Amino acid sequence: MAAHSARPRLTVLSGPSGVGKSTVVAHMRKEHPEVWLSVSATTRRPRPGERDGVHYFFVDDGEFDKLIANGELLEWAEFAGNRYGTPREAVMDRLDAGEPVLLEIDLQGARQVRDSMPEARLVFLAPPSWEELVRRLTGRGTEAPEVIERRLEAARTELAAESEFDTTLVNTSVEDVANELLALTRVA
Ligand SMILES: Nc1ncnc2c1ncn2[C@@H]1O[C@H](COP(=O)(O)OP(=O)(O)OP(=O)(O)O)[C@@H](O)[C@H]1O
Ligand SMILES: Nc1nc2c(ncn2[C@@H]2O[C@H](COP(=O)(O)O)[C@@H](O)[C@H]2O)c(=O)[nH]1
């Protein structure tokens, strides 16, 4: 059997900022740490409580430029004023080792992964309503009002792209969605 066909599922989780991607993934991984989550590189400043190498690899613009130039990113995108990218090698190593891999990335990144790895399953996390999305993003309290505005502007584009994804999960209950996501990471 060819090495690539033996690879387990690569799952990409996307959805508008504030919909609850990190919350759902954290809930799932508490019970199922075997689902490996890629740690992205970003030029964004850490939020209180975020740790380098755990939540993100926090890099400056020059370091991010080098990651791009050296071909070290599987995909990358600029989102609401910062850059984010998926380190390629760690993802490939995990897939080659037979472990399920999860990426939590924006729409632009999901499109790039779909193009380069068509076997990936693309999952869209949708909010129960626009009003609830605004409530969650605002209620998180991590962004300044102008940043929230930029993220909501991006959210309109992201919501309009839902049909590009293989599956949509609506984040009404964190527990239910975490279970659904777990099942998707396991289906070959
Ligand atoms: N099902 C839910 N019901 C109510 N609140 C939720 C639910 N899921 C997440 N939240 C809350 O919504 C806020 C945003 O969640 P989270 O940070 O996980 O979003 P995100 O999609 O990862 O955002 P970003 O893309 O900006 O990183 C958090 O305060 C979280 O506690
Ligand atoms: N294209 C990529 N998008 C990524 C990556 N890592 C995270 N993200 C997405 O960026 C936004 C904002 O994240 P935040 O932590 O600043 O709130 C969100 O949609 C993330 O999913 C990545 O490696 N590539």
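Residues numbered from 1 in each chain as written. Chains lettered and ligands numbered in written order. Predicted model: local features only at pLDDT ≥ 70, side-chain atom pairs only at ≥ 80, totals over all residues. Heavy atoms only, no water.

## Observations regarding the site of ligand 1
And then number 1: Near ligand 1, the surroundings consist of 15 residues, among which Ser17, Lys21, Ser22, Thr23 and Arg140 are the closest.
And then number 2: In the environment of ligand 1, an oxygen atom lies 2.9 Å from a nitrogen or oxygen atom belonging to the backbone of serine 22.
And then number 3: The contact in question runs from a nitrogen atom of ligand 1 to an N or O atom on the backbone of threonine 172, over 3.1 Å.
And then number 4: Its free accessible area being 650 Å², ligand 1 has 75% of it covered by the protein chains.
And then number 5: Among the cavities detected, the one that contains ligand 1 is the largest pocket.
And then number 6: Broken down by secondary-structure element, the contributors of at least two residues to the shell around ligand 1 are α1 (21-31) and α5 (130-140).
And then number 7: Per element, the largest residue contribution to the shell around ligand 1 is three residues, and it comes from α1. (Near = heavy atom within 4 Å. Polar contact = N/O pair within 3.5 Å; in protein donor to acceptor, adjacent residues only side chain to side chain. Areas by Shrake-Rupley, 256 points an atom, 1.4 Å probe, with all protein chains shown as cover. 1 Å grid on protein atoms, 1.4 Å probe; cavity = no way out; pocket = protein on both sides within 12 Å on 5 of 7 lines; lining within 4 Å. Sits in = over half its atoms within 2 Å of the grid points. Helix = DSSP H or I, 4+ residues; strand = E, 2+ residues; numbered from the N terminus.)

## What to know about the pairing of strand β8 (residues 121-126)
And then number 1: Most of β8 is tucked away: six of the six residues are buried.
And then number 2: Bridging between strand β1 (residues 10-14) and β8 involves four bridges; their strand directions are parallel. Its bridge partner being in β8, serine 14 is matched across the sheet by phenylalanine 124. (Buried < 20%, exposed > 50% of the residue type's maximum accessible area, 1.4 Å probe, protein only. Pairing = 2+ DSSP bridges.)

## Let's talk about the layout of surface pockets
And then number 1: Each pocket or cavity is described by its volume, and for the largest pocket that value is around 1,000 Å³.
And then number 2: Taken together, 38 residues make up the lining of the largest pocket; nearest its centre are Lys21, Ser22, Arg47, Tyr56 and Glu104.
And then number 3: Elements supplying a minimum of two residues to the lining of the largest pocket: α1, β5 (73-79), β6 (82-87), α5 and α6 (145-160).
And then number 4: No other element matches α1, which puts six residues into the lining of the largest pocket. (Points joined across faces, edges and corners; volume = space filled by probe spheres on them.)

## Observations regarding the sheet that holds strand β3 (residues 41-42)
And then number 1: With mixed pairing, four strands are arranged side by side in an open sheet as β4-β3-β6-β5. Each end of this open sheet is capped by a strand with a single partner; those strands are β4 (57-58) and β5.
And then number 2: In this sheet, β6 lies alongside β5 in antiparallel orientation, the contact comprising six bridges. Bridge pairing links tryptophan 76 to glycine 85 in β6.
And then number 3: Across the sheet, helix α2 (residues 61-69) lies against β3, β5 and β6, angled at about 40 degrees from β6, the strand it touches most. (Contact = heavy atoms within 4.5 Å. Axes fitted to C-alpha atoms, helices over the stretch in contact; angles between N-to-C directions.)

## Thoughts on the pattern of salt bridges
And then number 1: Enumeration according to the criterion identifies 14 salt bridges in this entry.
And then number 2: Linking arginine 111 and glutamate 164 is a salt bridge whose minimum nitrogen-to-oxygen distance equals 2.7 Å. Within this pair, whereas arginine 111 is found in helix α4 (residues 107-116), its partner glutamate 164 is found in the loop between α6 and β9 (167-170), the two being separated by 53 residues in sequence.
And then number 3: With relative accessibility at 31%, the residue arginine 111 sits in the partly exposed group.
And then number 4: Taking the relative accessible area as the measure of exposure, glutamate 164 reaches 29% and is therefore partly exposed.
And then number 5: Note that arginine 140 and glutamate 143 form a salt bridge whose closest N and O atoms lie 2.9 Å from each other.
And then number 6: Glutamate 143 sits in the buried class, given a relative accessible area of 13%.
And then number 7: What emerges from the salt-bridge pattern is a single network uniting Arg44, Arg47, Glu50, Arg140, Glu143 and Arg151. (Salt bridge = Lys/Arg side-chain N within 4 Å of Asp/Glu carboxyl O.)

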